[in-house]
Amino acid sequence: MDMHVLAVTSDPAERAQLEQIRGPAATDDAVITLQFAATLAELAALADGAAPAPDLILLNPLLADAPPGALWQALGTAGDRTPLVLLAPATGLSPAEQAVRLGAVTYLVTAATPRELLRRLLQSVVVATRLGRPPLDQQGQDALVLESIADAVISTDEHAHVSYCNLAARRLLGLEVAQMLGRPIADLMRLQDPKSLADIEHPVWQALASGAVVRIPAGCILSRPDGSELMIEDSTAPIHDGRGRVCGVVMVFHDITNARELQAQVDHLAWHDFLTGLPNRFAAHRHLNRILKEAQAAGQSLAVMYLDLDKFKLVNDTLGHAAGDALLVSVAARLRSCFRVVDLVSRQGGDEFVVLMAPGSSRLDATQAAQRISAAVALPHQLDGEPVHVGCSIGIALYPGDGDSGDVLLRHADTALHAAKAAGRNVWRFFQQELLSSAIERRQLENGLRQALGSSEFELFYQPKVRLRDGALCGCEALLRWQHPAWGWVDPARFIRSAEESGLIIPLGRWVLGQAVRQARRWEQQGLLPGAVAVNVSALELRQGDFADHIGSHLAQAGLDPARLQLELTESALMRDMHGAHALLHRLKGIGVSLAIDDFGTGYSSLSYLADLPIDLLKVDRSFVHGIDHAAPRRQTLLRAVLALADNLAIAVVAEGVETAPEADFLAAAGCGQGQGYFYSRAVDARTFERRFLAAAPGAP
Ligand code: C2E
Ligand code: CA
Ligand code: CA
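Okay, so let's go over this structure. Here the structure is a predicted model, which means the values were calculated and not measured.

1. Observations concerning the overall build of the protein
A count of helical and extended segments in the protein gives 28 helices and 28 strands. Considering the protein as a whole, with its 701 residues, one finds that 49% of them fall into the buried category. Long-range contacts, defined here as pairs at least 24 residues apart, represent 64% of the contacts in the protein between residues at least 6 apart. Roughly 32500 Å² of accessible area belongs to the protein as shown, and the carbon and sulfur atoms make up 53% of that amount.

2. Topic: the coordination of the calcium ion (ligand 3)
Summarising the metal site, the calcium ion (ligand 3) is bound by the protein donors Asp598 (OD), Asp599 (OD), Glu656 (OE) and Glu656 (OE), whose distances to it range over 2.1 to 2.5 Å. Within one chain, the residues serving as donors to the calcium ion (ligand 3) are arranged as D-D-x56-E. Here the calcium ion (ligand 3) and the calcium ion (ligand 2) are spaced 3.8 Å apart, linked through Asp598, which binds each one. Here Asp598 is found in strand β24 (residues 594-600), whereas its partner Glu656 is found in the loop between β26 (652-655) and α27 (661-669), with 58 residues between them in sequence. Grouping residues by exposure puts Asp598 and Glu656 together as buried.

3. Remarks on the site of ligand 1
Around ligand 1, the surrounding shell holds 21 residues, and the nearest of these are Gln463, Arg481, Ser538, Glu659 and Tyr678. With respect to ligand 1, the side chain of Ser538 contributes an N or O atom lying 2.9 Å from a nitrogen atom. Alone, ligand 1 offers 790 Å² of accessible surface; in the complex the protein occludes 84% of this. For the shell around ligand 1, the secondary structure elements donating two or more residues are β20 (473-484), α18 (492-502), α19 (505-525) and β24.

4. Description of the packing of aromatic side chains
Remark: the centre distance and the inter-plane angle together describe each pair of aromatic rings, the angle taken between the planes. Under the definition given, this model contains 12 aromatic pairs. Where Phe458 meets Trp482, the ring centres are 5.8 Å apart and the plane angle is 40°; that geometry is what we call tilted. Of this pair, Phe458 sits in strand β19 (residues 458-467) while Trp482 sits in strand β20, placing them 24 residues apart in sequence. Just as Phe458 is buried, Trp482 falls in that class too. Owing to a relative accessible area of 8%, Phe458 belongs among the buried residues under this scheme. Each residue in the set Phe458, Trp482, Trp487, Phe495 and Trp511 is aromatic and connected to the rest through ring pairs, giving one cluster.

5. Some remarks on helix α2 (residues 40-48)
Residues of α2 that are buried: Leu40, Leu43 and Leu46. The buried residues of α2 occupy one face: seen down the axis, they fall within an arc of 120°. Of the exposed residues in α2, those oriented more than 90 degrees away from the buried face are Ala41, Ala45 and Asp48.

Conventions used here
Counting starts from 1 at the beginning of each chain's written sequence and moves along it residue by residue. Key to labels: chains lettered from A, ligands numbered from 1, both in the order written. Thresholds applied to this predicted model are a pLDDT of at least 70 for local features of residues and 80 or more for the giving and counting of side-chain atom pairs; totals over whole chains, interfaces and linings are not thresholded and use all residues. Computation of side-chain values: all heavy atoms of the structure, hydrogens and water removed. Per the convention used, a helix needs a DSSP run of H or I reaching at least four residues, while a strand needs a run of E reaching at least two, with both numbered from the N terminus. Only protein chains enter the calculation, and the probe is 1.4 Å; a residue is then buried if its accessible area is under 20% of its type maximum, exposed if over 50%, and partly exposed in between. Pairs of residues are marked as contacts when any of their non-hydrogen atoms sit within 4.5 Å. Accessible areas in this description were obtained via Shrake-Rupley with a 1.4 Å probe; residue shielding takes into account the shown protein chains only. Donor atoms: N, O and S within 2.8 Å of the metal, or within 3.2 Å for Na, K and Ca. Because water is excluded, sites can look incomplete. Only heavy atoms are used to decide nearness, and a residue is near a molecule or strand if one of them lies within 4 Å of it. Two N or O atoms form a polar contact when they lie within 3.5 Å of each other; inside protein one atom must be a possible hydrogen donor and the other a possible acceptor, and for residues adjacent in sequence the pair counts only when both atoms belong to side chains. Working definition: rings of Phe, Tyr and Trp (its six-membered ring) pair if their centres are within 6.5 Å, and the pair is stacked with planes under 30 degrees apart, edge-to-face with planes over 60 apart, and tilted otherwise. To be clear, the arc concerns the directions from the helix axis to the C-beta atoms.

This is the structure in structure tokens:
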């Protein structure tokens, strides 16, 4: 079957390739005549002249002198009637996409298509057009789709030689079709385990051998032929022929390098304080355990110092939080400058810092260091051009005299710090056993709690969680309140800590749970409750073997829909025993309750482990949220990264401690779904909550 082809290209190499398809050929004796147009002017001349109407137009859209649009005009009506095949460059915008947009039948990469195949392809397009059939069959359509998708797709034959590769695959590997087809896949993509960096058996071989779908370890490293590396995620499946035999494999993969970098940035939070960049308390704890072992082995002493700024709250309250933050950054830098690199300066949170002096440090070293710190911190700090003066109090504990474990040393340094504060500002104190008498006060608190458990001194308050977009109510958090007959309202942070230390949190937590579940059930029955009632759960409660049973029986007793109960767990509680946490959380999910991570950003702050846990909600800690609208870009970026990652993991996010409209606006614009904080309401008693939030307005659907 003879045919006439018009080739529009200004690429001489392409032209030379196309010249070769002129007949005759081994497989057929059709005569193909070719006419070339290299410029718009030539094309126009052809259209005007008496040239025969082409059966097919081959078009390279990169025609040197053609402005967009002009090309189509020059093709005129011929372009509408005649089948068009796109000559695509090997790189650049997806050729499949271009082809579909231009209404082309298909596209060719001349350099990658052997002459025989080219002839056959063009002939079948022309024949199909003459017979009035759509020139592309289902397979052709599928090929176009495969070519257009963002995932890399490579298929191989049963010997693991590449039989197909789409554009994304070629881009990822930086290779052209001709460099890939027929080559052993293992030569083109070397894969290494992300942890051990050992080469792994190619998943294509694994799929060929097993006949089953194979996945490589997440974050596997792919070395490209040019030596560069990226991280990929894949799924590789065998292809079966009509008789069920494995005749090849298709591998689909994509580049997750960027996602991983974002992850690494967030994981950095695990060990660092976001404001000052100093190691955080987790890092300090780890470091302390390490150096204690060293000191013990070498028979050396070491010093642990606990520091706290005097009048920090005053700066915060009078000059604002931005100034408070700037002060902390300034103090952090001064502290760092007082020590050697072998000493670790860390931020515990708030205005508290811990310094771990390296093994070999003595009482005298600690005294001199305390003098240096006091002098350095006392120098004026420039905040917004204004000099601000603060002092600091220091408590010091020494190994081995004051304790031989990290916990005890830190606690004793803290006790010494309290003594320093009580003695007046800007002083340092060494730990002494007598100081422990302040523990008496703690015992009183404990006794008070014990008595309160049997009385009606406790009450649950409720704080709304709202949808940031429109302020609609989407749930609430139950917060425990204690009114002691003599002491009045006791600070929850204080009595909860005491309850945790004494184990009283177990009966107390059960009381809270029973109360919250019954209240939720009442609201549910009245049709008032949007979302869930959240209850805080302490680490110790989680560790009780019967925790999940307990939740289940409370729900059953009250007849509450489990989805109406949310449990707020802290990262640190989960981190203690990841394996156990994993099993427990899945059990709780099985019961149907929803799970939230509380205070995110103050603890380990690792989203990578969250990915493995069935978490519904992430509560970003208030220290993250505070002043976020005018915070340093680094902090804003970090928050955005957290939001993006949570979004990736399909975990909803609540910002805690929203106190101002600009904070709420910023968070909403950054894509944070929900907010909670004084800006909306403090925690209020159940009746007030009902009146103010439930009866008043419909909640979020
Ligand atoms: P949390 O779980 O992080 O609860 C949020 C705390 O932040 C509450 O303090 C709340 O009143 C406070 N808050 C809410 N919005 C704002 C705001 O805009 N600005 C500021 N500055 N604070 C805000 P609260 O009630 O004093 O509770 C302190 C902590 O005690 C809670 O922190 C939680 O860890 C613990 N807690 C409270 N109730 C319970 C309970 O029933 N069981 C257990 N295990 N822990 C509880
Ligand atoms: Ca909470
Ligand atoms: Ca919280």
